[in-house]
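Report on the structure
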Amino acid sequence: MRTTALIFLLQGLGLISGAAAAMPPPAPFIYTPDRIEQARANAAKYAWAETLVEDMMRLADEAAAQPAERLRAWFTATTPNDQTSCPRCGEYWLNYVWSWQPAEPDRLTCNYCELVVDADTFPANGVIRRTTPQGEVVPHPIYRDEAGKTYPIWQTIGYHKAAHAYTWIEALGVAYALTGEDRYATAATQLLRRLAEVYPGYILHDNFRFDVYPWGWAGKLTGWHLKDAQIFMQLGTAWDVIRPSGAVSAADREFIEENLFRRGGEMLTAVRPLQGISNDVTYRFGAVALIGRLLQDEDILAWVLEGDESYDRVLDHLFFKDGAWHERSLSYHGMMTRSVWMAPYYLNGYAGTGAAEPSARFGPVNLLDHPKMGPIHEIAFQMRFPDGNLPPTNDGRLGSRPSKQGVEALYVMTGAEKWLAYTQAAYEGRLLAEGDLFSLFNRPPDVNQRLSAVTFDTSVPLVSADYTGMGLFMLRRGSGENRTVFTMHHHKFANSHTHYDALSTIVWAQGREMLSDLGYAVFGVRERTTWYNASLSHNTLTVDTHNQRAPNGVANYIYHGDFISACEGESWDSYRFICEPFARQIALIDGPSGRPYAVDIFRGGGGSVHDWALHGEGPTFEVEGVELADAAAFPGKDYAYEEVSDIRVGPIDGPSTVRWSWPDGATLAAHLADQGESQLFTTRSPGRRLVDQVGRKISSAFVRRTGDDLRSQFIAAFDPNAGEPQVKSVEIVEVSPEDHWALVFKVELVGGFTDYVLASYIDVAPQGEVFTTGDLSIPWESRFGVVRVKEGVIIRAEWVDAPMEGLAHDI
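About the thresholds
Per chain, residue numbering runs from 1 following the sequence as it is written. In view of the model being predicted, local features appear only for residues whose pLDDT reaches at least 70, and side-chain atom pairs are presented and counted only at 80 or more, with totals across whole chains, interfaces and linings using the full set of residues. Values shown for side chains rest on all heavy atoms present in the structure; no hydrogens or waters enter the calculation. Only DSSP runs of H or I covering at least 4 residues are called helices, and only runs of E covering at least 2 are called strands; the numbering of each starts at the N terminus. Each residue gets one of three labels from its accessible area relative to the maximum for its type: buried under 20%, exposed over 50%, partly exposed in between, using a 1.4 Å probe on protein chains only. By the convention used here, residues are in contact when the closest approach between their heavy atoms is within 4.5 Å. Surface accessibility in these figures is a Shrake-Rupley result with a 1.4 Å probe; residues are shielded only by whichever protein chains are displayed. Under the convention used here, Asp and Glu are negative, Lys and Arg are positive, and both His and the chain ends fall outside the count. The atom standing in for a charge is NZ when the residue is Lys, CZ when it is Arg, CG when it is Asp and CD when it is Glu. Counted as salt bridges are all cases of a side-chain nitrogen of Lys or Arg within 4 Å of a carboxyl oxygen of Asp or Glu. Note on pairing: DSSP must find at least two bridges between two strands before they are called paired. Interaxial angles span 0 to 180 degrees and are taken between N-to-C directions of axes, which are lines fitted to C-alpha atoms, for helices over the stretch in contact. Note on angle classes: values under 35 degrees are labelled roughly parallel, values over 145 roughly antiparallel, values of 65 to 115 roughly perpendicular, and the remainder oblique. Note: crossing handedness is left-handed where the near helix turns anticlockwise from the far helix by less than a right angle, and right-handed where it turns clockwise. Note on patches: the residues involved have over 30% relative accessible area and no salt bridge, like charges join within 9 Å, and the nonpolar side chains Val, Leu, Ile, Met, Phe, Trp and Tyr join within 5 Å. We define a nonpolar core as any set of buried Ala, Val, Leu, Ile, Met, Phe, Trp, Tyr and Cys residues linked to one another through side-chain atoms lying within 4.5 Å. Two rings from Phe, Tyr or Trp (for Trp, the six-membered ring) form a pair when their centres sit within 6.5 Å of each other. Planes less than 30 degrees apart are called stacked, planes more than 60 degrees apart edge-to-face, and all others tilted. Whether a charge sits over a ring comes down to the Lys NZ or Arg CZ being within 6 Å of the ring centre and within 35 degrees of the ring normal. We call two N or O atoms a polar contact when they sit within 3.5 Å, provided that within protein one can donate a hydrogen and the other can accept it, with sequence-adjacent residues counted only if both atoms are side-chain atoms. Residue-level confidence of the predictor is what pLDDT reports, using numbers from 0 through 100.

For the chain, the count of helices and strands is 19 helices and 32 strands. Taken over the C-alpha atoms alone, the chain extends approximately 110 × 65 × 45 Å along its principal axes. Per-residue burial for the chain yields a buried fraction of 59% across its 811 residues. Within the chain, contacts between residues at least 6 apart in sequence are counted, and of these 66% link residues at least 24 apart. Accessible area of the chain: about 31,100 Å², with a carbon and sulfur share of 50%. Averaged over its 70 positive side-chain charges, the chain has a centre that lies 4 Å from the centre of its 102 negative ones.

Take a look at the structure:
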């Protein structure tokens, strides 16, 4: 008897229910038999995989040993929410305030003041009433202090308990995949059933309003649907493998899929992909692709695959042609490379709803063939400092590195040698010793043999480049311990993750950032708006003590030669109608021994106050050539001027030097050229770069010029060294008053060498200009060049030979 006829016969006899009569669930598409065998082989071969499996099995056994009612208690009936600041120290909830331990699931401890919060110390003395999507008003117990401020402590405890239960479900899925034991499927189903019971009634809230707020940020399991999407991918991966188990009843399967996954899919697709903030969209695409395939619902999949905001079109919209993320922050670019592969992975091999033939609606799905997919994953590797870190410009973080997950996923799906090489680079050569859950099931167990055949070069670049989408010049010179990088940020302002700091620089040398860009440590601190986003906190020029307005950076040229690397950028809108030009030229120059030093020329015309900033990381700070005295303030109108302390000031009456030093002997000397009528301010400035660096300070130097309709050229030579300086002194020897702003900058080096740096804002070569000093004549050949002299004889010279009409930003 055919299976379908048998089902109808049994249903007609009342021996099976209508729900059970439905088609059986399809075979798993995530933990497939082949991937399960790979996981077993990896666990048998590699210590990291064995340890990971042991950890997963320990969690799974812990969950499977719990009585059903105890499992149910991990998901609360009131909406989980992590928006509780500390009632004692007031630290903002978004700044990683609370620690939570599963052994004491009903208490929290503040990471800042160690306050213990539980029902005894902060009793529920009030309620807030919130309306569910079904229109039911539900009271949520809260603690209210004497000032009337509310703290949803029990919802935050519920948030942490739920997060632990999600890891249980994930581990139970792994354990069931590897063992086939029904007890793991049973425990996972009990947890998912309970979550499916309460999930429909959870309120929709966002990160700042624990209330009904239906827009493109809000979630239900959390206050951000990015995190909800991550959780649904955890849950969906486990559900995909356990739902065919005989331990899962048809009734439970139907209830979980309708009340959890379908309702979750509705929440994630309730707003368009591009509605709200952008850095959540690839996570949502991943979760919706997984849910749509789990439910075999092509109307849900259409949110990913059809329309003006489909996956392909969103990638076109949010990434530049070179692969850079539109927010121009490498930390947020990392969020994308950790997630942009997810939808292609979950839909890889999708052929339609239960049919062997390709979907008539979508055809064979292949999201990997997008032309930006490769550049998106490669660009971060190209932008590394020699130590592997990424430049922390805009809302970047110190220590960010190219993500591992994206390149490994591309290798898994394509088998291309290039992506295996990048995966090994992302793991910093430890691919055989490290991995995650994706690696366990997807990495080929013979990857050790495959690595031995890789020839693709993933080393940190040696050649200077302009990363146009990111808006960042990176000049590179030197080798070994003398590798040096000088960056300049010529970006265009994009949004709240982009700082007002056009033409800011970083000097990386001696194995570290020496002149730094702070990036940002955490989102919710006051100093983020008063200092970290301010122009004054970056190595750039602040005019009239106001932040730059929306920068409109332009990359004029970049050149990498035998002797020098140089670039020029300007920003038309940083101080529109006030300061023109607003332009900077920077260069790395090989010293006589080959070790690079840097030259920096910043031009600003207009305004009445010019503050040129240098922020160094070295703990020891010294000033030479300027007599400093204590000052009550660093006067300025922007909030940032109130953030500095230990202020000292003195007139610059000749060449001067500011110097940052490190305990290991590394030093950065900034030799400042005297352009007349300048003051040097030194301060201790906010320097927090990581979460745990609360209160950290750094030493800053500001060269200030004041006057009417100022014409300033801030010029310096930076000499990074490990105790063997090569720059002795600097001097401006000629300045043109004309519109081309031409100047000659003299750098005296050790060993009797002198470098003449000839630079103009507009090309002066057609004017037949010649610089003459003593018996030496140097004709201008382009708008930037370096001529090295010893004993009155030119021994080396190089001029920028590159297009100078402006390099288009990548769009």
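Attention shifts here to the pattern of salt bridges. Oppositely charged side chains are able to pair whenever their charged atoms sit close together. Here the structure, examined in full by the defined rule, presents 41 salt bridges. The partner of Glu104 in a salt bridge is Arg107, and the shortest N-O contact between them spans 3.0 Å. For Arg107, a relative accessible area of 26% translates into the label partly exposed. The closest approach of N and O atoms between Glu181 and Arg183, which form a salt bridge, is 2.8 Å. Classification of Glu181 as partly exposed rests on a relative accessible area of 34%. Through salt bridges with shared partners, a single ionic network connects Glu69, Arg72, Arg193, Arg194, Glu197 and Asp252.

Looking now at unusual backbone geometry. Residue Pro581 follows Glu580 across a cis peptide bond; omega there is 10°. Inspection of the secondary structure puts Pro581 in the loop between strand 14 (564-571) and strand 15 (582-590). At Glu114, a residue that is not glycine, the phi angle is positive and equals roughly 65°. Checked against the element boundaries, Glu114 lands in the loop between strand 2 (104-110) and strand 3 (116-117). What makes Glu114 exposed here is its relative accessible area of 62%. The phi torsion at Glu791 lies on the positive side, around 55°, for a residue other than glycine. One can find Glu791 in the loop between strand 31 (784-790) and strand 32 (793-799). In this structure Glu791 comes out as exposed when scored by relative accessible area, which is 74%.

Taken in spatial order, the three strands line up as 4-5-6 in an open sheet, and their pairing is antiparallel. Taken across any chain shown, the strands that pair with only one partner, and hence form the sheet edges, are strand 4 (126-131) and strand 6 (150-151). As defined by bridge partners, strand 5 (residues 137-144) adjoins strand 6 across two bridges and the pair is classed as antiparallel. Note on strand 6: the bridge partner recorded for Arg144 is Thr150. Across the sheet, helix 5 (residues 153-179) touches strand 5 and strand 6, and the angle it forms with strand 5 is around 105°.

The five strands lie next to each other as 26-27-28-31-32, forming an open sheet whose pairing is antiparallel. Two strands bound the open sheet, and with one partner strand each, they are strand 26 (727-735) and strand 32. Sheet twist, expressed as the mean angle between neighbouring strand axes with direction ignored, is 20°. When strand 27 (residues 743-749) meets strand 28 (residues 753-759), the two strands line up antiparallel, connected through six bridges. What sits directly across from Val744, in strand 28, is Leu758.

Right, let's get into helix 16 (residues 417-426). Helix 16 sits mainly inside the fold: seven of its ten residues count as buried. By the burial criterion, the buried members of helix 16 are Trp419, Leu420, Ala421, Tyr422, Thr423, Ala425 and Ala426. Contacts from the buried residues of helix 16 go to helix 14 (373-382), helix 15 (404-414) and helix 18 (447-452).

This paragraph deals with helix 14. Given 3.6 residues to a turn, an α-helix orients residues that are three or four positions apart in the same direction. Within helix 14, eight of the ten residues are buried, which leaves it mostly tucked inside the rest of the structure. Buried residues belonging to helix 14 abut helix 11 (311-318), helix 12 (330-337), helix 13 (342-347), helix 15, helix 16 and strand 7 (465-467).

Turning to the packing of helix 2 (residues 33-45) against helix 3 (residues 47-64), a few remarks are in order. Their axes nearest at 5 Å, the elements helix 2 and helix 3 cross at an angle of 115°. Classified by the interaxial angle, the pair formed by helix 2 and helix 3 is roughly perpendicular. In this structure, helix 2 crosses over helix 3, and the sense of that crossing is left-handed. Contacts between helix 2 and helix 3 pair Asn42, Ala43 and Lys45 from the former with Ala47, Ala49, Glu50 and Val53 from the latter.

Glancing now at a negative patch on the surface. A contiguous patch of negative charge on the surface is contributed by Glu734, Glu738, Asp739 and Glu769. Tracing the sequence through the fold places Glu769 in the loop between strand 28 and strand 29 (770-773).

Mapped onto the fold, Asp590 is located in strand 15. A relative accessible area of 11% places Asp590 in the buried class. The contact partners of Asp590, leaving out residues within four places of it in the chain, are Arg477, Asp562, Phe563, Arg595, Pro596 and Arg788.

Grouped together as the largest cluster of nonpolar side chains are 131 residues, with contacts concentrated most on Phe75, Leu260, Phe261, Val304 and Phe441. Here this core gets 14 residues from one element, more than from any other, and that element is helix 5. Beyond its immediate sequence surroundings of up to four residues, Phe75 is in contact with Ala162, Ala165, Tyr166, Ile169, Leu191, Arg194, Leu195, Val198 and Tyr202. Counting 39 residues, the second-largest nonpolar core is a separate cluster that includes Phe486, Leu503, Leu588 and Ala598.

Attention now moves to the packing of aromatic side chains. In the structure shown here, the tally under the stated rule is 34 aromatic pairs. A ring pair is formed by Tyr143 and Tyr151, whose centres lie 6.0 Å apart and whose planes are at 35°; its orientation type is tilted. When its relative accessible area of 16% is taken as the criterion, Tyr143 is described as buried. Positioned over the ring face of Tyr199 is Lys220, at 4.2 Å from the centre of the ring. Directly above the aromatic system of Trp741 lies the positively charged group of Arg711, at a separation of 3.8 Å from the ring centroid.

Taken across its eight residues, strand 17 (residues 609-616) has eight buried, putting it largely inside the fold. Here strand 17 shows two buried faces, one formed by Val609, Asp611, Ala613 and His615 and the other by His610, Trp612, Leu614 and Gly616. Here strand 17 runs beside strand 24 (residues 697-706); their pairing, made up of eight bridges, is antiparallel. Bridging across to strand 24, Gly616 finds its partner in Ser699.

In this fold, Thr754 is placed in strand 28. Separated by 24 residues in sequence, Thr754 and Val730 place their C-alpha atoms 9.8 Å apart. Engagement of the side chain of Thr754 in a polar contact is seen with the side chain of Glu748, the distance being 2.9 Å.

This next bit is on the pairing of strand 5. On any regular strand, side chains alternate: one points to one face of the sheet, the next to the other face. For strand 4 and strand 5, the ladder comprises six bridges, and the chain directions are antiparallel. The residue bridging Arg130 from the neighbouring strand is Val138, located in strand 5. Counted along the chain from strand 5 to the antiparallel partner strand 6, the turn is five residues long, and its residue Gly148 has a positive phi close to 90°.

Further remarks concern the confidence of the model for the chain. Low-confidence regions, as indicated by low pLDDT, have predicted coordinates that should not be scrutinised in detail. For the chain, mean pLDDT is 92; residues scoring 70 or higher make up 95% of the total. Across residues 1-21, confidence stays below pLDDT 50; counting only partners more than four residues off in sequence or on other chains, it has 13 contacts.

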